[in-house]
Amino acid sequence: MKKFYVTTPIYYVNDSPHIGYTYTTVAADVLARWNRFIGSPTFFLTGTDEHGAKILESAKKMNREPKEHCDAIAGEFKSAWKKMNISNDDFIRTTDTRHEQTVREFLNKLYTDKKIYKAKYNGLYCVQCERFLVDTELEGGLCPDHKTRPVEQSEENYFFKLSDYRKKLIDIISDGSMGILPEGRKKEILGKLKLGLEDISISRANLPWAIPLPFDEAQTTYVWIDALINYISGCPQNFWPANVHLIGKDILWFHSVIWPALLLAVGLPLPEKIYAHGFFTVNGQKMSKTIGNVIRVEELTDKFGVDATRYLLLSAFPFGTDGDFSMDGLKEKYNSDLANNIGNLVSRVVTMVEKYTEGRIPEGQKSKKLWNELLLIKEHYENLDFNKILDTILKTVDSVNRYIDSSAPWKLAKEKNSKLNDVLSNLCETLWVLAHYLYPIMPQTAQRIWEQLGQAGKIESSNFLLDNKIVFTKVGSVGTEVGSVGKEEIKITRPKIPLFPRLT
Ligand SMILES: [Zn+2]
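### Overview of the overall build of the protein chain
The secondary structure content of the protein chain amounts to 18 helices and 17 strands. Compactness check: the protein chain gives a C-alpha radius of gyration of 26 Å against a globular reference of 23 Å for 504 residues, within 12% of the reference. Here the C-alpha coordinates of the protein chain stretch approximately 90 × 45 × 40 Å along the principal axes. Buried positions account for 55% of the 504 residues belonging to the protein chain.

Pasting the structure below:
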């Protein structure tokens, strides 16, 4: 089985974890959970980016030592991810000794191999971006992201021979040996690369809160170079290269040009895929503290619960595009997709089994596979197509609801028709399968469905998704197949609280 290594960007600790970071991290978590479930040795890395002028500044403002400040914010991130049920295998901090050591080794290798040289640099520097901007990037003389005027800076720095890799980068991106997704982003990067590529400065002369260069202690490592190396310093042996670097579209250049060039320079394999997701607005406006439309993650989890929040974040708009959130829109989606659709189906089936067969999953003739379409989800995961995953789930729920309506178990029960057993066993089997496909997105919900179907243990220890093996060959064999209790013992339990209480 192929290994799977997924990363989020490391988040900058001059800010608390907000909904944008949560969006990326939930997406990575869903990918990690899916891959573990299908049996891939999986490693999921996230962490925090802790060096740089801005951090020093934020720490000062709060009257803290920089490290103390970083400890506090890194702690906030850790507990936010715990609350969101994020299953990261490690949490890398750029102030970790293991990371600093890797950065020094990495830079030393570049230096000894003569991929780094010293030169004077004059340029326009954006303090918020923490980088020099080139003329073509400016919009009306301003930084396009921050709408501020960059300042002239002249410094003697060390430079990485980025320009040497232009041709190679164009080749590997064009032929797909390193994937950039969505497709539009790939074109954008290729277009920029064709315009030219300049060497970049990889050090700073007067920045104390950074990693000193191993070959010249008077200079420190440029924060972006420091940050990118986390993907190596936080990666256990045998997991490199990354299968997916999940990022926001604003940091695509660093990940699809500078990072692979650095890897080529030290002779390491390139990441398989870089996926840049879109940005969202709230009620049509960019989220900002000044406008006062910032949605905090706790607002969502308090209102909808953790699982529903995970679902709602991913379902609001297609992953690679920009989109808009509104609390009303989220509530509507919660009610329609989760309360009325998925939640209602589970409760409908469980209630019928309790009522008509004394809570036992009956044996019956399987008439049709209601969950056939769910098998397509595997492919959607490979393409990071979260929208298609969710659509497929909802479509299945729809067709199961139609199946209930057309087979009318309540009539069959009244008539004492033996077909009732066929219908109910079909329905239980379908819920059982559905729970597996819901698990990466809504792990607690999947576990609750699992338990309501009388299954023992954790759903993640089920082998159903391994090697595409369809375990359900015989209706009514639910319990024995998953190696829990025997089928006679399976007892459906109707939950006291619905999975997704309707919100008014
Ligand atoms: Zn800027």
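### Some details on the pattern of salt bridges
In total, this model carries 23 salt bridges according to the counting rule given. Taking the shortest distance from any N to any O, the salt bridge between Asp113 and Lys109 comes out at 2.8 Å. The partly exposed category is assigned to Lys109, whose relative accessible area is 38%. Its salt-bridge partner being Arg348, residue Asp405 comes within 2.6 Å of it at the nearest N-O pair. Here the residue Asp405 occupies a position in helix 14 (residues 386–407), and Arg348 occupies one in helix 12 (residues 327–356), the gap between them amounting to 57 residues. The class for Asp405 is partly exposed, based on a relative accessible area of 46%. One network of salt bridges, in which partners are shared, links Glu50, Lys67, Asp71 and Arg93.

### Let's talk about the environment of Leu434
Structurally, Leu434 can be placed in helix 16 (residues 419–438). In sequence terms Leu434 and Ile342 are 92 residues apart; their C-alpha atoms lie 9.6 Å from each other. When near neighbours in sequence (up to four residues on either side) are disregarded, Leu434 contacts Leu374, Ile393 and Val397.

### Observations concerning the domain arrangement of the protein chain
Looking at the assigned domains, one finds that the protein chain contains domain 1 (4–277) and domain 2 (326–489). Distance between the C-alpha centres of domain 1 and domain 2: 42 Å. Counting residues at the interface gives 13 residues for domain 1 and 19 residues for domain 2. Where domain 1 abuts domain 2, roughly 1500 Å² becomes buried across the two surfaces, and 76% of that area is made up of carbon and sulfur atoms. Where domain 1 packs against domain 2, one counts two residue pairs in polar contact (both at pLDDT 80 or more). For the side of domain 1 that touches domain 2, the elements supplying multiple residues, two or more each, are helix 1 (19–37), strand 13 (244–248) and strand 14 (273–277). For the side of domain 1 that touches domain 2, a count of residues per class yields nine nonpolar, two polar and two charged.

### Examining the coordination of the zinc ion
For the zinc ion, the full set of protein donor atoms is Cys126 (SG), Cys129 (SG), Cys143 (SG) and His146 (ND1), at a range of 2.1 to 2.3 Å. Each of the four donor atoms bound to the zinc ion contributes to angles spanning 101 to 117°, and the resulting shape is tetrahedral. Counting the intervening residues between successive donors of the zinc ion yields the motif C-x2-C-x13-C-x2-H. Residue Cys126 is found in strand 5 (residues 116–126), and its partner His146 is found in the loop between strand 6 (131–133) and strand 7 (151–160); the two are separated by 20 residues along the sequence.

### As for the nonpolar core
If you look at the biggest cluster of nonpolar residues, it comprises 101 residues, and the most contacted ones within it are Ile342, Ile393, Leu427, Ile441 and Phe500. Considering every element that reaches this core, the biggest residue donor is helix 16, with 12 residues. Here this core gathers at least three residues from each of two domains, domain 1 (4–277) and domain 2 (326–489). Each residue touching Ile393, except ones within four places of it in the same chain, is listed here: Ile342, Leu374, Ile377, Leu434, Tyr437, Leu438 and Ile441.

### Looking at the packing of helix 5 (residues 166–174) against helix 9 (residues 252–266)
At a closest axis distance of 10 Å, the pairing of helix 5 and helix 9 adopts a crossing angle of 110°. On the basis of the axis angle, helix 5 is roughly perpendicular to helix 9. Facing helix 5, whose interface residues are Lys168, Leu169 and Ile173, helix 9 presents Ser256, Val257, Pro260, Ala261 and Leu264. Tallied by class, the residues present in the contact of helix 5 with helix 9 amount to six nonpolar, one polar and one charged.

### Quick notes on the packing of aromatic side chains
Counted under the stated rule, the structure contains 36 aromatic pairs. Pairing Tyr117 with Phe159 gives two aromatic rings, centres 5.8 Å apart and planes at 20°, and the pair type is stacked. Here Tyr117 is found in strand 5, whereas its partner Phe159 is found in strand 7, with 42 residues between them in sequence. Of the aromatic side chains, those joined through ring pairs into one cluster are Tyr5, Phe43, Phe106, Tyr231, Phe239, Trp240 and Trp259.

### Let's talk about the sheet that holds strand 16 (residues 285–286)
The strands making up a sheet are joined through hydrogen bonds of the backbone, oriented either antiparallel or parallel. With respect to topology, three strands assemble into an open sheet ordered 16-15-17, the strand pairing being mixed. The two strands at the open ends of the sheet, each matched to only one other strand, are strand 16 and strand 17 (323–325). Alignment of strand 15 (residues 280–282) against strand 17, held across three bridges, turns out to be parallel. Bridge pairing links Val282 to Phe325 in strand 17.

### As for the sheet that holds strand 6
Ordered by their spatial adjacency, four strands build an open sheet running 6-5-7-9, and the pairing between neighbours is antiparallel. The outermost strands of the open sheet, each flanked by one partner alone, are strand 6 and strand 9 (200–201). As paired elements, strand 5 and strand 7 share 10 bridges and run antiparallel to each other. Bridged to Gly123 within strand 7 is Gln153.

### Some words on the side chain of Arg33
Structurally, Arg33 can be placed in helix 1. The class for Arg33 is buried, based on a relative accessible area of 8%. Those residues in contact with Arg33 that sit more than four places away from it in its chain are Asn85, Ser87, Arg310, Tyr439, Pro440 and Pro443.

What counts and how
- Residues numbered from 1 in each chain as written.
- Predicted model: local features only at pLDDT ≥ 70, side-chain atom pairs only at ≥ 80, totals over all residues.
- Heavy atoms only, no water.
- Helix = DSSP H or I, 4+ residues; strand = E, 2+ residues; numbered from the N terminus.
- Rg over C-alpha atoms; globule rule 2.2 N^0.38 Å.
- Buried < 20%, exposed > 50% of the residue type's maximum accessible area, 1.4 Å probe, protein only.
- Salt bridge = Lys/Arg side-chain N within 4 Å of Asp/Glu carboxyl O.
- Contact = heavy atoms within 4.5 Å.
- Domains from an automatic or database assignment.
- Buried area = accessible area lost by both parts, 1.4 Å probe.
- Polar contact = N/O pair within 3.5 Å; in protein donor to acceptor, adjacent residues only side chain to side chain.
- Nonpolar A, V, L, I, M, F, W, Y, C, P; charged D, E, K, R; others polar.
- Donors = N, O, S within 2.8 Å, 3.2 Å for Na, K, Ca; no water.
- Tetrahedral: all angles 85-135°; square planar, octahedral: opposite > 155°, others 65-115°.
- Core = buried A, V, L, I, M, F, W, Y, C linked by side-chain atoms within 4.5 Å.
- Axes fitted to C-alpha atoms, helices over the stretch in contact; angles between N-to-C directions.
- Parallel < 35°, antiparallel > 145°, perpendicular 65-115°, else oblique.
- Phe/Tyr/Trp six-rings, centres within 6.5 Å; stacked < 30°, edge-to-face > 60°.
- Pairing = 2+ DSSP bridges.

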